[in-house]
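# Summary of structural features
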Amino acid sequence: MNQDKKKLLVIEDDLGLQKQLRWNFDAYEVLLAGDRESALAQVRRHEPAVITMDLGLPPDPDGASEGLATLQQILALAPDTKLIVLSGNQDHANAVKAIGMGAYDFHQKPFDPEILGLVIERAFYLYALQQENRRILQIQADSPLSSIISRDPGMLRVCRSIEKVAPSSASVMLLGDSGTGKELLARALHQMSPRQEKRFMAINCAAIPENLLESELFGYEKGAFTGAAKQTLGKIELADGGTFFLDEVGDMPMLLQAKLLRFLQERVIERIGGRQEIPVDVRIICATHRNLKELSVAGRFREDLYYRLSEIAVIIPPLRERVGDAALLAHHFKNKFSVKEGRSSLNFSQEALAMIEGYPWPGNVREMENCIKRAVIMAEGSQISTEDIGLLTSPKMIESINLRQVRDDAEYNAVVKALARVDGNIAKAAELLGISRPTLYDLISRHGIVSKT
């Protein structure tokens, strides 16, 4: 048996259907079981990712009691397994009951091999996604970047950039939309730097009133103003030897920008009401969701300060541009909150995942976390539905992960674009595509493209 094939367990007491399922799904390593005992033995031995099963198993082939009992034991033994129930018209109520007990999906008999194949393919994909999430958590458990959950190439490049810049003393500017994880990356940068044993101090420039921000940053002497009953050190001074994180630096008032610039140039501060220059050795990391260059042109941010702060700029992609991360993060947060809420058997419905993958997430990872937490709390039964997700959008069609379909779509789009670019000239289009004219004619015919004659 090919060890590279994914394992699909078929639980079916009808020998004819067993053979039909094995023949239709020969791309997988098909395991067979005809009763509860043999099914549980196969699960223990092979740990299949996906199972199809008939609820009518001996000694109750005309009912569903044995099938439901088998389902319950399998999910207790291997809760991550995706179990697809094959049911007849009269078994619809039992199929729905099976979903409530934790089955992944059900499919009507007599089954359509193509549609059932898509359901099985999707089940394997979701299983792999969950296992990848678990591996990421295990591998990164001790890493400063462990809180960054991603498989997107752009986000992984950001993490590599953080790793490379961490040992240096350069000021770092983190640029990205709100909720993309700028403070998490700033803390990771500090933890991977030689300053990790010293303090990490953070301040949000947008959250503190303008008249208080200066004292928060630079501190003040006793009697410097009404209410200054004692000497108080500012956040920059408290971070001496460590890292100081300025969040939403684009909201800093112009007068304070000048004082911050002087500190960055001289590496000394003066407390409010003080006359003594105090040297401070601190690394500056700042973050903003604003376009500082545009603010500089508008006269709302000092250009010289911008260049001082952004010795190294790291651009964090929004969640909507991170390929595959929406579903990955959804599973991560679902697992996290399921444990906290005591609901370990929860799974997403296919429609809910399609909605998650199709939503633009303007609030990024922060919005995702809050959304999934609410869904875990509100879900009834063992599946999180689109209603539980509660996004004000219509779910998109589930994106195809069939390689043949993806290739055909890419071929169609490339041919159409090439023909449009050369105004329908076959010879020029073939040259642009890097193929022969007969090959292009074949593609035009196969995809039903109307070319200009």
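One can find the structure itself at the top, above this paragraph.
What counts and how
- Residues numbered from 1 in each chain as written.
- Predicted model: local features only at pLDDT ≥ 70, side-chain atom pairs only at ≥ 80, totals over all residues.
- Heavy atoms only, no water.
- Helix = DSSP H or I, 4+ residues; strand = E, 2+ residues; numbered from the N terminus.
- Rg over C-alpha atoms; globule rule 2.2 N^0.38 Å.
- Buried < 20%, exposed > 50% of the residue type's maximum accessible area, 1.4 Å probe, protein only.
- Contact = heavy atoms within 4.5 Å.
- Lys, Arg positive; Asp, Glu negative; His and termini not counted.
- Charge placed at Lys NZ, Arg CZ, Asp CG, Glu CD.
- Core = buried A, V, L, I, M, F, W, Y, C linked by side-chain atoms within 4.5 Å.
- Axes fitted to C-alpha atoms, helices over the stretch in contact; angles between N-to-C directions.
- Parallel < 35°, antiparallel > 145°, perpendicular 65-115°, else oblique.
- Left-handed = near helix turned anticlockwise from the far one by under 90°.
- Nonpolar A, V, L, I, M, F, W, Y, C, P; charged D, E, K, R; others polar.
- Pairing = 2+ DSSP bridges.
- Salt bridge = Lys/Arg side-chain N within 4 Å of Asp/Glu carboxyl O.

## Some thoughts on the overall build of the protein
Counting its secondary structure elements, the protein contains 19 helices and 16 strands. Since a compact globule built from 453 residues should have a radius of gyration of about 22 Å, the 30 Å found for the protein marks it as more spread out than a globular shape. Along the longest, intermediate and shortest principal axes, the C-alpha atoms of the protein span 95 × 65 × 40 Å. The buried share of the protein, taken over its 453 residues, is 47%. Considering only intrachain contacts with a sequence separation of at least 6, the fraction spanning at least 24 residues in the protein is 67%. Taken together, the 55 basic and 60 acidic charged side chains of the protein have centroids lying 6 Å from each other.

## Some thoughts on the nonpolar core
Within the largest apolar cluster, 47 residues are counted, with the highest numbers of intra-cluster contacts made by M368 and I389. In terms of residue count, the dominant contributor to this core is helix 5 (residues 113-139) (eight residues). Residues contacting M368, with those up to four places away along its chain left out, are L319, A326, L329, A330, F333, I356 and W361. Formed by 32 residues, the second largest nonpolar core is a distinct cluster that contains C205, F244, L246 and V282.

## Side note on the environment of Y306
Mapped onto the fold, Y306 is located in helix 12 (residues 303-309). Its relative accessible area of 11% is what places Y306 among the buried residues. Remark: the alpha-carbon pair of Y306 and K230, spanning 76 residues in sequence, is separated by 34 Å.

## Things to note about unusual backbone geometry
Omega for the bond connecting P58 with P59 falls within 30 degrees of zero, at 15°, which places this linkage in the cis form. The residue P59 is located in the loop between strand 3 (50-54) and helix 3 (65-77) in this model. A cis amide bond, omega -5°, links K109 with the succeeding residue P110. Note that P110 resides in the loop between strand 5 (105-108) and helix 5. Look at E47: it is not a glycine, yet its phi comes out positive at around 50°. Among the secondary structure elements, E47 is positioned in the loop between helix 2 (36-46) and strand 3. Exposure remark for E47: the relative accessible area of 61% places this residue in the exposed category.

## Details of the packing of helix 8 (residues 210-218) against helix 10 (residues 254-266)
Relative to each other, helix 8 and helix 10 sit at 15°, their axes nearing to 10 Å. Put simply, helix 8 runs roughly parallel to helix 10. In this structure, helix 8 crosses over helix 10, and the sense of that crossing is right-handed. When helix 8 is examined against helix 10, the residues L213, E214, L217 and F218 are found in contact with a partner set consisting of L256, K259 and L260. Broken down by class, the residue content of the contact of helix 8 with helix 10 amounts to five nonpolar, no polar and two charged.

## Examining the sheet that holds strand 13 (residues 283-288)
Pairing in this open sheet of five strands is parallel, and the strands run 7-10-13-6-14 from one edge to the other. The strands lining the two open edges of the sheet, one partner per strand, are strand 7 (200-204) and strand 14 (312-315). With direction set aside, neighbouring strand axes in the sheet form an average angle of 15°. Both strand 10 (residues 243-247) and strand 13 contribute to a ladder of five bridges, which runs parallel. Pairing of D247 across the sheet is with A287, part of strand 13. The sheet contacts of helix 6 (residues 153-165) involve strand 6 (172-175), strand 13 and strand 14, and relative to strand 14 the element is tilted by about 155°.

## A short note on the pattern of salt bridges
According to the stated counting rule, one finds 20 salt bridges in the structure shown. Linking D325 and R322 is a salt bridge whose minimum nitrogen-to-oxygen distance equals 2.8 Å. Given a relative accessible area of 6%, R322 falls into the buried group. Where salt bridges share partners, they join R407, D408, E411 and R446 into one cluster.

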